[in-house]
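Examination of the molecular architecture
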Amino acid sequence: MKLDKRLSSYPILINDDDDYVDSSFEISLIQKVEFNKLIVNVSFQLNNEGLLELIKEGKAKYIIHVDCPMLSFRKVFSTDKKDLEFSINLNDVTESVEISSMIVATMDIPHYYNKKFNWFYGTDGVDISKGNYLAIGPMYLVNINRSNIGYKKLSDVIVIQKDDRNSDQMSVSLDNDIITILVNEKIKNQYYAYGQQYLYNIISMVMVPSMVYVLTSMKNNPDGLCSYRWYSVVEQVLLDNNISVTQLNEEDSTGKYSIFEVAQKIFMSPLEKGMLELSNVRLGDE
Amino acid sequence: MAKEIRLKYLTDNGLAQLKEAFDSNIEYYKSKDQQYFLNYLNTNGYLQDTSYVIEDFTDKLIFTEDLDKDDLNNIKILYTAMKDIPTYVMMEDRFWAAQNHTIMWDYITKRSEGFRKESKDQRNKLYNSFFTHTKNGKKRGTYVNCVSRLWWAGKLSYDESRENPFELTEELCKTGFASTIVPFSSSNITGRDESRKAILTVVKELREQGKIVKRDDITYGLKYLNLIAGSSMLDVMSFDEIVELLRRYYGMLQ
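Each chain carries its own residue numbering, running from 1 in the written order of its sequence. Lettering for chains starts from A, numbering for ligands starts from 1, and both go in the order in which the items are written. Local features are withheld for residues below a pLDDT of 70 in this predicted model, meaning they are given only at 70 or higher, and side-chain atom pairs are given and counted only at 80 or more; totals for whole chains, interfaces and linings count all residues. By convention in this description, side-chain values take in all heavy atoms of the structure and omit both hydrogens and water.

All names here are of chain A. Any residue with an atom within 4 Å of a point lines the site, the site being either a cavity, points on a 1 Å grid over the protein atoms alone where a 1.4 Å probe fits but cannot get out, or a pocket, an open set with protein on both sides within 12 Å along at least 5 of 7 lines. Grid points are joined across faces, edges and corners, and a volume is the space filled by probe spheres set on the points. As enumerated under the stated definition, the model contains one cavity of 30 Å³ or more in all. By volume, the largest cavity amounts to about 30 Å³. Forming the walls of the largest cavity are Ile158, Ile179, Ile181, Met207, Ser210, Met211 and Val214. The secondary structure listing takes helices from DSSP runs of H or I that are at least 4 residues long and strands from runs of E that are at least 2 residues long, numbered from the N terminus. Of all elements in the fold, only strand S12 (179–183) and helix H4 (199–220) reach the threshold of two or more residues within the lining of the largest cavity. Among the elements that line the lining of the largest cavity, the one with the most residues is H4, at four residues. For the lining of the largest cavity, the residue count by class is six nonpolar, one polar and no charged. Each residue is assigned to one of three groups, with Ala, Val, Leu, Ile, Met, Phe, Trp, Tyr, Cys and Pro labelled nonpolar, Asp, Glu, Lys and Arg labelled charged, and all others, Gly among them, labelled polar.

Below, the structure is given as C-alpha cells:
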C-alpha cells in the first residue's frame, strides 16, 4: 500500500522526512515458506519516546498491512509488542505481496504533542483522530515464485514460437506474462538452424521490430499492460538506463527516448554486427 | 452420484496461439464450432489436465429472459463448484480460456453479448468472452469475462458466516452484477473483506427499508470509503465501524 503523506496536515514520522527530528521507525523482516504458507516475522524498531509511550498506553499500535491487489487480498495485523509473527495462505496471493508498516492511533488524541516534532509545528499539539497515521515505515515487496521461470532478464520473458496459422508475417502477443513472437514453422526451423551463425541478423529482423511494437504498446497502454510480468522486466531495463515509460516517444527516430533508437540499444545495436556476419560469409565463400 | 469432471488448463504456447489466431478463427467462433477448437487444442497437446476434479455443474446453469436472476443462480452454481480452487489460479488466463473452450462453451454461446447481438465491437466482445487477460489488464479482463466474473462475484460477496452465504451476492445482482463488480476491481480498499461486506450489508439494509439503491449509489459509497482511507486508516476499522460510517453517509444522502 503506497501512502501519500502530502494529504496529511499533522506530523507523521517517516525516515528521511523532517516532521520529526532525531527519531526513526524501521522494521526488519524475516520470511519463510512452510506447507504452502508464507510465515513472516517482523521486528519493529521505533526510536521516539513519545510514540513508544502512546503504544504503551494503548493509544497507538504497530500495524502490518498485507496487500495483494491483483487478488483483492488485504489483511491487517496489529500489535503493541515489538515483534509480530503472521502467516498467509499462498493460495490467496499472486506472485508478489506488499507488506507495509505503520503506527496508527487507536483512539482520538486531542492536543497530541511530541517533544521531537520539528519546531515549525510549535508546542500547542495537534488533534489526532482514531485511525490517523502517526508513523509510516518501509514497504517490502515479497516475491513468491511458483514456476521455475525467473521473470528477471529480458531473455526470460521473450519466446519465439511456431505460428500454427503458418502466416508469412510474424506477430507479437502481449497479453500474457511472456512476450510471444509467432513465426511460421519454416522460419522457426531456420531460426534454430542459423541462430548461432546469424545471431545479430536475426535480432535485427525479429527482435528489434518486435521491441518497437512492445515499447509503443507500453507507452500507449501502460495501465492495461503493467499487470503482465514481461512489462516490469522491460520497464526495469529502461530504468537501468534512466528512461521511464512515459518519456518514450514514437515521433523521433533518434534521441535518448526515441522508441526506434531504444529498441536497437536494448539489443546492443545489432546492425553493424549483423553486417559483419554477412561479410564473414562472403569472405568464406571466396 | 453426480458426474465428476477433471478441469483442464491451456499450455502457455496453446494460449498464445489461440489469442494470436483469434481473428483468423473468428468465423469458427461465430458459427459456434466448438469441435474445431477441441480438435485443434487436443491434436497439438495444448489442453492439459489440472489436478482439480469437481462435480459437473454445467447442466445446472440457467438461461431465461431474466438475466439478473440467471446470473445470481449461475454465480451460486459455478462458485460453489469451484470455490476450493486456489484464488491465484482464478486470475490465470490459461485456466479460464481452457474452461471457456471446453465445459463453458455452451454457456458463453448462450450468454455472451457477442453472440446475442451483432454490433460494431462484436469482435472485442467475442474476444473478451473467451479470454480473461486482455489489453485492459489481467484483473479488469478477468472481472469482465462472462465466465470468470461469475466466480469473482461469488468470491467478493460469499459470506460463510451468514445463514444464506449468498445473501450479499443477491444485492450485487440487483443492479446487474456484471457492471457492479467492475468498480470493485479498481478499488483497492474493497480487497479487505470487512470493507467490501460492509458496503453490501448497508445496501441490503437500505433496500429493506424500501429505498432504491442504484449501481451509482454503490460506486459513491466506494468513493466515500476511498476518501476516508486517504486521511486515516480505514483498514484498522472493524466491520461494524465501517457499517456505521456508511449508514451515516447514506443517511445524509436521503
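This part is about the domain arrangement of chain B. Examined at the domain level, chain B breaks down into domain 1 (4–159) and domain 2 (187–254). For domain 1 of chain B and domain 2 of chain B, the distance between their C-alpha centres works out to 31 Å. Domain limits in this description derive from either an automatic procedure or a database domain assignment.

Here the focus is a nonpolar patch on the surface. Residue and element names in this part refer to chain A. Among the surface-exposed residues, Leu271, Met275 and Leu278 lie close enough to one another that they form a single nonpolar patch of about 300 Å² accessible area. In this structure, Leu278 sits in helix H8 (residues 270–285). Under the scheme applied here, a residue whose accessible area is under 20% of the maximum for its type counts as buried, over 50% as exposed, and between as partly exposed, the area being computed with a 1.4 Å probe on protein chains only. Here Leu278 falls in the partly exposed class, since its relative accessible area comes to 40%. Distance thresholds for patches are 9 Å for like charges and 5 Å for nonpolar side chains (Val, Leu, Ile, Met, Phe, Trp, Tyr), applied to residues having over 30% relative accessible area and no salt bridge. Each accessible area value is a Shrake-Rupley result obtained with a 1.4 Å probe; residue values ignore everything except the protein chains displayed when judging cover. Salt bridge criterion: a side-chain nitrogen from Lys or Arg within 4 Å of a carboxyl oxygen from Asp or Glu.

Pairing between side chains of opposite charge can happen when the charged atoms of each approach one another. Residue and element names in this part refer to chain B. Tallied over the entire structure, the rule returns 34 salt bridges over all chains. Measuring nitrogen to oxygen at the nearest pair gives 3.7 Å for the salt bridge that ties Arg94 to Asp12. Within this pair, whereas Arg94 is found in helix H5 (residues 93–101), its partner Asp12 is found in helix H1 (residues 12–20), the two being separated by 82 residues in sequence. The exposure class assigned to Arg94 is partly exposed, which follows from its relative accessible area of 25%.

All names here are of chain A. Any two strands with at least two DSSP bridges between them are considered paired. Sheet architecture is open: four strands sit in the order S4-S3-S6-S9, paired in antiparallel fashion. Looking at strand neighbours, the two that pair on one side only are strand S4 (73–79) and strand S9 (133–143), the edges of this open sheet. Within this sheet the neighbouring strands show an average axis-to-axis angle of 20°, counted without direction. Relative to S9, strand S6 (residues 96–105) runs antiparallel, the two being bridged by eight bridges. In the sheet register, Ile103 faces S9, and the bridge partner there is Ala135. Angles here are taken between N-to-C directions and fall from 0 to 180 degrees, while the axes themselves are lines fitted to C-alpha atoms, restricted in helices to the stretch in contact.

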